[in-house]
Structure formats: structure tokens, C-alpha cells
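Listed below, chain by chain, are the residues.
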Amino acid sequence: MPIAEREASGSGPLAGVRVLDFSQRIAGPYCGKLLAQLGADVVKAEPPGRGDPSRTYGPFPNDIPHAEKSAQFLHLNLSKRGVTLDLSTVLGQRIALNLLEESHIVIESFKPGAMERLGLGPEMLRTRFPRLIVTSISNFGQGGPYRDWLSSEAITYAMGGPMQTTGLPEYEPVKLGATAIQHSAGLVAALATLTSWLGSLRSAHGDHLDVSLFETQAGTIDRRTPQLVAHQHTGASFTRRPAGSMVAAGARPCKDGYVIMAVPDPSFERFKDLVGGQRALDDPRFASTDDKMKPGRADEFDIDYLLPWLLERTMDEACSQAQALRVACTPVYSAKDLLTAPLFRERALWQAVTHPRAGTFEHPRAAFRFGDNPPLELTPSPTLGQHNRDIYTGELGMADVELARLRRLGVI
Amino acid sequence: MSSNGDQAQSAGARLPLEGIRVLDLTVVWAGPQAVTMLSDWGAEVLRLESRYFFATATRGWRVHPSREHVESLKVWRFGYPDWDPGDRPWNRFPNFQCHARNKLSMTVDLLRPEGLEVLTELVKVSDVLIENNGPGVLDKLGISYEELRRIRPDLVMVRMPAFGLDGSFADYRAFGFQMEGVAGHMSLWGYPEFDLSSRDNTYVADAAGGIAGALATVAALTRREKTGQGMLVELSQTENMVPLLEEVVLDYQMTGRVRDATANRERGPAQGCYPTRNDDRWIVLTLATDEQWRRLCEEMGKPELVRDPRFRHSLARWRNQHQLDEIVSGWTISFDHVDLMNRLQAGDVPAGAVLSEPDLYADPQLEARGFFEKLPHADVGDVSYPGLLWQSAGYPNRLKTAPPLFGEHNEYAYRELLGVSDSKYEWLVEEGHIGMDFEPHLE
């Protein structure tokens, strides 16, 4: 379909934008998914046979591995179409160029230098397609002494992120949950891509973007950048601290789970009134806001006021009573809670998506809403090579015999 | 420092967001980060700040912190330069310093009619208004998209509520570390042997919310570029965090398993965080393949371990990680954490030292990429700021200006942008809208 026609048929801010997604694993595919959720037509190209390694990551239904049923793959590639293409063959590279002819944006996460070796180097692509945006995502960047170093979710966090301050002082530093770091990098890559895409609408020139996971962590506001600047200011170096070293800071148990409260200075009096009434308001140990951070005071307040109050209340009760007094108090949810919590049901966050092989699962819709438009409906992740015919025959105009030949040669 | 900026100037290249003016009503953390992403890439960002309202955790915890308060900050380490708040502490707060580069600051009191009039005039010459204030704040000020679009039909207004503009938590107040609990993240990190009250604050939801807020803004601007129409954009920061952990929600649906914290364990590779020779300095190893294990055994001078049935293949290593930990940590403890990382990576073993702040400032990769950039700041001196989050060949870029002083750009905003007369300007000063400090009654 010509670009102009696609534009008319789609919706979402990126309707009519074609993205060719060569990326694999987590950060790149999440970047592609976000662009798809903004309305772009994202075509994911996977190596024939094995496909994206995330097809092996799992978890799997009933823990039985299957290339079409990996949770990580199923969510990272929602709303994309999928083709197979072997870029290590000359024929595959020629087809890639044909696909690029029809694309505005290309995402890749190969090892730095691999695109050049495949005859698809970003500089060459930009010369050939002057308006193309090429987004390269890598562990450490396209250059520099660490260019070829190996990494993992935890290694990226250790080197770039605030791992030194994650955990308890007497124990080893710990990583964050699931693959939050790589997903966060995918968000940065999507923003980089979209920023240059908007630039290209105004300047008519393309771009090559170099996103380094290491730098997305060295520049994260999750503790890292304030700690770096504070270090410049005082020479202090940060490490892990015990949780709850300030009155009400950290998670606290209640009747049926945990809540987290936040009591900045302006709400300290309201908070004392809420959990301890006049007795707490009159208690000289907690008279001023400076007392919140004095050694031992958090424990004393817990024992005398906060825990007795919380343990008589459910998460819902504690939160609604505190929030009614404008005291910030929120529940701690597990994965199971996320699916059942009324909050997300009311907001229609979850959408059941049926995948032809894996079955039906609920996925979160995009978090952004544009005007009165409902979020775009998610479509299932592609099975391996699902859209080969649509795209190679329907869009590139290949004959059926040609398709059969490519399949025989293992190119698709 | 890279020389990209000079090249950009000589080539006459523009930044992708140049010519876009953003009115910045954001507070605290995620909102300001979203705006940084816009100002870094060429948008003109004007922070609207009030001399009568001190938003917690934005330009400080307190206007003029007491000596006692500053002392207590030492425990938390987020102190002012040299532990001295100075005459204008709000310009020296590290949590503001770290995100506010490339922005402008003006003061105006939006609670008074003439303040709102200033906002109205600014909206006429702006493209974006962005905010992440607590529930009810905009209503109280009488600011709504419906009103603003009448003044500027193609305005993009971006709101970043914690949980959404509707739903049962719409009126709930929350900081970012609380959103992490609601989005399910707090349940997933930490040590399995300790309960949730052992877990300190993390701010991934803020970080991701900041990036996503900018993403939503640029998406709306892209739309406007084609249609000429503005729109209201809503980004729920908590909902934005959920897909980062989606694998875990699918795990529950697929297997009934509710995942808990695993410290540094991973599903699949053997992985651990090991002590080194230096006090509280650590190194993470992730062993995904037999080959990586073989190379590590060689580095450790224990090639016989390759044939040890406890560690022979990846499932065996995964099952016997406690024994593997003992062997590896007995070896790592003799080395400097950075030296060991260099040595193992040279031998193709995936290893990453837990890098401290001084380690990052001395890091050869960040140095080669020109990540940190030194800028002079009137109230702080020269600071080496963490820099751009990505590099662009088409738009060579670098940091331009240090974080703005409170009210530093009043002259620009009122006189140049709005064309306010000398007498009106004086009147606005007298009325207290314009100034470079907070009203003395605020504490």
C-alpha cells in the first residue's frame, strides 16, 4: 500500500509512519512496540528458523517452552506485523533495501558494526535514503573502548545505574525487578526516534541515533543523576541505607498487605492527627518536622502510633482514610493484584488479546491518551513469518514463485 | 567534552525541536525530567515558578533549611554544595540541579488574576503546556484545557497524573516511589528473605514517566505538524510502569506463579553480585553460556571446574549457584572492582563493576563519548553535569546552559516575550510577581 493510503486508513499520532524493526531481545523491540502503540505500522523482521531470541526467554504457559508462546516475546511485539529475512545473505540484504524504500524509520540492535558488515551501514543507508531515521540500540554505544563488551540487565544496572544504593547496607547490592532497565532504555530509544522523526518533518533530513543502554542508566533520574550532582557538590558517595530511617518512610504492613506513605513537611501535622490523634499531636518527641529524621524516632513512631493504626485497617481502608486527609498513602500490588485491582479495570488498562498459537492473555494498553481518542486496540504479536505473503507479495509485488524460491533458499 | 556543538553551529544545523516553546508547570521529579528531554533537543522551556508557593522536593525540602535540617541531610547525603544552603538554597538543590539544564525560569503568582493574565498571554505565544501537579491544583488555579484551547487552538497540553485523570485513585496524592508499589515493582526487587518493609525507595516510575511524558508530547506535536490541531494528552505514570514488568503479569496468567524478589538471581543464567578487595565495592557476573563459564574458570586459574558435574551445564550451574557463589566470591575478593571488570571483559566474560559516582566520572567509555559536560553556574560554580541520553548524527548536540536561577529569565519573559512596558514591569515587581527569591513568610 502506498504511504499516502496507509496514512488515511490508520489512526494515532504516527498513523502512516512505517517502521522496519530489525531489533531483537528487549530494548529495541520495546521501542518498536511503543511506536506501534502510537499508530505506526511496524514491521518486525526476524531471522528465519529461530526468530528473535526473546522467543526462548519465557515464561511459557504451564512452563512448557514453545517459540510462539514466550511471554517476553508476546508482549514486546504486540501490534507489529512480522516477516522473516536472513540479512546474512545477499538476497536478504537486497530485500531489506526494498523494504527500506517503503520505510521512514529503522530500528536495529545488532552488535555495533554488524550493520556495516551486512552492507546496511547507517551512513550508507542515510546517503541512499536521506530522510530515513536509523535508530541503533546497543549496550555501550556505537563507539568507545567498551563498544564490544558484553552485558546483561544486571550488568547494565551495576555499571550505569544506582545499584550501589539498591538493597541493605550489610548485604550485596541488588538489581531491580524483571527487565525494567532494558524496557526503560526502549522508552528512551522511542523518544529519540520520535524526536528526530518530528525534526525530519520540519527539516526534511534523516538521522542516525545512537542509544547506549549504559548511558540511559548513567543519565537516569532514578537516584543516579541527583547522586552524581550531589557528589560534585559535597564529595559524598552514596551507598545502601536501611529502609524506614525517617518517620513513615518505606512500606509498612497493614491488615491484608502493605502500604507506602509519604509525609513531606506540609502534611506532617495532618498525618500525626490521622494515625495518633491528639496524643500524637502533643507528643514532644515528634513536635517539629526536624524530629522526623532523628535517629530512632521512626521506630518509636511505628510502635506507638503507625503500626497499631495500620494493622487495624486493610490497604483500601488505610489509603482512602489517609487520602481523605490529603496524606499520600498507596497500596503495594503484586502481579496478581494488578489484574484484579479496580483502579486498572475502571481505566480499561487491560485488553484481552488472542494469539493464534499461545492463547488469550490480558495485556496493558498504552499509558498515553490523546484527546478523546481511546487507546489503540492491541493486535497479537506475529507468529514467525506470519506476514511474509502480505508484505513480500502484497506490498513488494513479488510473485508466488519468487516467494517459494526465497523460502527454499532459507532467505525467508 | 565533545566539539559537536561547534560543528552544529558552523553547519547551521538546527535541533529537532527548535522553535517550539514549552510552558513548564511541572514539579518534583518526573514532570521536570520530561521537560528536560524537550529542552535538550531544542525546545525553549520556560519554567513558571511562584514566589508564594514552595512545591515540596522541587527546589528543596524547605525554603531556608535550618542548620539542624542540613545536618540531618548528611545521613541522606543529598546535601547542598559543601553542606551549605547559602543565601539562595533553591538554586543549589541537587535534585533540581540534576535535571534543569537548558531551561529558563520566570516567576509569577498564578493565584492572582493578573498572574493568570500573564499565563494567558504566554499561552498565546507557546506550543506546549505541561504539568504533573497533585490532584486539584490546576482546578484551584482555574486552568483547564477547555479554557486554554480557546486562547490557543493548536496548543498541546500534557498532563502527567500519578494514576490517571479519572478512576478511583484520581484524587490520590502520590510520589514516584509510591507508584512503584502500585505498579507492582516493589514486590519484585530486594532479598527474598526480608519483607517489603526492608526495601528503600526506587524511582524507576519517575524516570520512565519522564521519558514517556516527553514521548507523548512529541507524538502530539508530530500530529499537530500534519493536522494543525492541538490536543490534551494524558499520561498515567503508574500505567506507564506496568508494561516494563509485563513479563511478570503474563507469568501469573500463564503459570499461576506470583513472583517475588530474587536478589540477583535470574531465570536462566547463573548470576551474582560479588565482593571485591575494596570496601563496599562489588562486581556482577552473568554467565549465560558454557563458553563464558569455561573462560571464567580459566581466569580463576581453576580449569578443572569446567568438568565439575555441579557446574557442567547451565541448568546445573543455575541449580548450584550457592556453591558457585562461594568459589567465585573467594576469587573476586582479591581484586579491585574496576580492574577485575576490565580483565574479565577483555576475556569475553560478562562482568560489570557496581560503579560509584567517582568511578563514573573517571569512566573511559563515558569520557570517550563526552557524556559529562561542565557548565558554569552562578550560585554553585562549575559543575560536571550528566549529559544527553542519546547521540544524534543528524543533530549534533551538547548541553547549552546550566540550571536556571529562580526567576533568572524574568526580563526575557516579561519584556521580550510579552512586551511588558517598563511601568507595568515595575508594578509586577512591586506586587511580588517578579523576583528572584521566595516571599519571606514561606518557611
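Our structure's up above, just so we're on the same page.
Below is a summary of the structure that appears in this document. This is a predicted model, so every value here is computed, not measured. (Residues numbered from 1 in each chain as written. Chains lettered and ligands numbered in written order. Predicted model: local features only at pLDDT ≥ 70, side-chain atom pairs only at ≥ 80, totals over all residues. Heavy atoms only, no water.)

Turning next to the pairing of strand 6 (residues 207–212) of chain A. Residue and element names in this part refer to chain A. The element strand 6 is extensively covered by neighbouring structure, given that six of its six residues are classed as buried. The side-chain alternation of strand 6 yields two buried faces, one formed by Asp 207, Leu 209 and Val 211 and the other by His 208, Asp 210 and Ser 212. Summarising the sheet, strand 5 (residues 133–138) and strand 6 pair through six bridges and their orientation is parallel. Bridged to Ile 133 within strand 6 is Asp 207. (Buried < 20%, exposed > 50% of the residue type's maximum accessible area, 1.4 Å probe, protein only. Helix = DSSP H or I, 4+ residues; strand = E, 2+ residues; numbered from the N terminus. Pairing = 2+ DSSP bridges.)

This part covers the interface of chain A and chain B. Taken together, the contacts link 152 residues of chain A with 159 residues of chain B. Between chain A and chain B, roughly 13,800 Å² of surface is buried when both sides are summed, and carbon and sulfur atoms account for 63% of that area. At the junction of chain A with chain B, the criterion picks out 14 salt bridges. The leading source of residues in the side of chain A that touches chain B is helix 8 (residues 180–203) of chain A, at 18 residues. (Contact = heavy atoms within 4.5 Å. Buried area = accessible area lost by both parts, 1.4 Å probe. Salt bridge = Lys/Arg side-chain N within 4 Å of Asp/Glu carboxyl O.)

All names here are of chain B. Among all positions in helix 18 (residues 410–417), only Asn 410, Ala 413, Tyr 414 and Leu 417 are buried. Down the axis of helix 18, the smallest arc covering the buried residues is 120 degrees, so these residues share one side. In the core, the buried residues of helix 18 are packed alongside strand 1 (21–24), strand 2 (44–49), strand 3 (103–107), helix 5 (113–124) and helix 19 (422–430). One or two residues past the end of helix 18 sits Gly 419, with phi positive at roughly 65 degrees. (Arc of directions from axis to C-beta.)

The residue A:Gln24 is located in the loop between strand 1 (18–21) and helix 2 (27–37) in this model. Not counting residues within four places of it along the chain, the set of residues in contact with A:Gln24 comprises A:Pro29, A:Pro47, A:Asp52, A:Pro53 and A:Ser109.

Should the charged atoms of two oppositely charged side chains come close, the side chains can pair. If you walk through the whole model with that rule in mind, you get 71 salt bridges over all chains. Here B:Asp260 and B:Arg199 are joined by a salt bridge, their closest N and O atoms 3.8 Å apart. Linking B:Asp260 in the loop between helix 11 (246–255) and strand 7 (270–275) with B:Arg199 in the loop between helix 8 (176–182) and helix 9 (204–227), this pair joins segments that are 61 residues apart in sequence. You can call B:Arg199 buried: its relative accessible area is 3%. If you follow the salt bridges from partner to partner, you end up with A:Asp63, B:Glu247, B:Asp251, B:Arg257, B:Arg259 and B:Arg267 in one network.

Strands belonging to one sheet form pairs held by backbone hydrogen bonds; the direction of such a pair is parallel or antiparallel. All names here are of chain B. As summarised here, the arrangement of the three strands in space is 7-8-9, forming an open sheet in which the pairing is antiparallel. Single-partner strands in this sheet number two, and they are strand 7 and strand 9 (351–353). Each adjacent strand pair in this sheet contributes to an overall mean axis angle of 15 degrees, direction not counted. One ladder, built from three bridges, connects strand 8 (residues 282–287) with strand 9; its direction is antiparallel. (Axes fitted to C-alpha atoms, helices over the stretch in contact; angles between N-to-C directions.)

Let's shift gears to the sheet that holds strand 1 of chain B. Read from one edge to the other, the open sheet built from seven strands follows the order 12(A)-6(B)-5(B)-4(B)-1(B)-2(B)-3(B), with strand pairing classed as mixed. This sheet does not close on itself; its edge strands, each paired only once, are strand 12 (368–370) of chain A together with strand 3 of chain B. In this sheet, adjacent strand axes meet at a mean angle of 20 degrees when their direction is disregarded. Note: strand 1 of chain B against strand 2 of chain B, four bridges, orientation parallel.

All we've got here are geometric facts, nothing functional implied.
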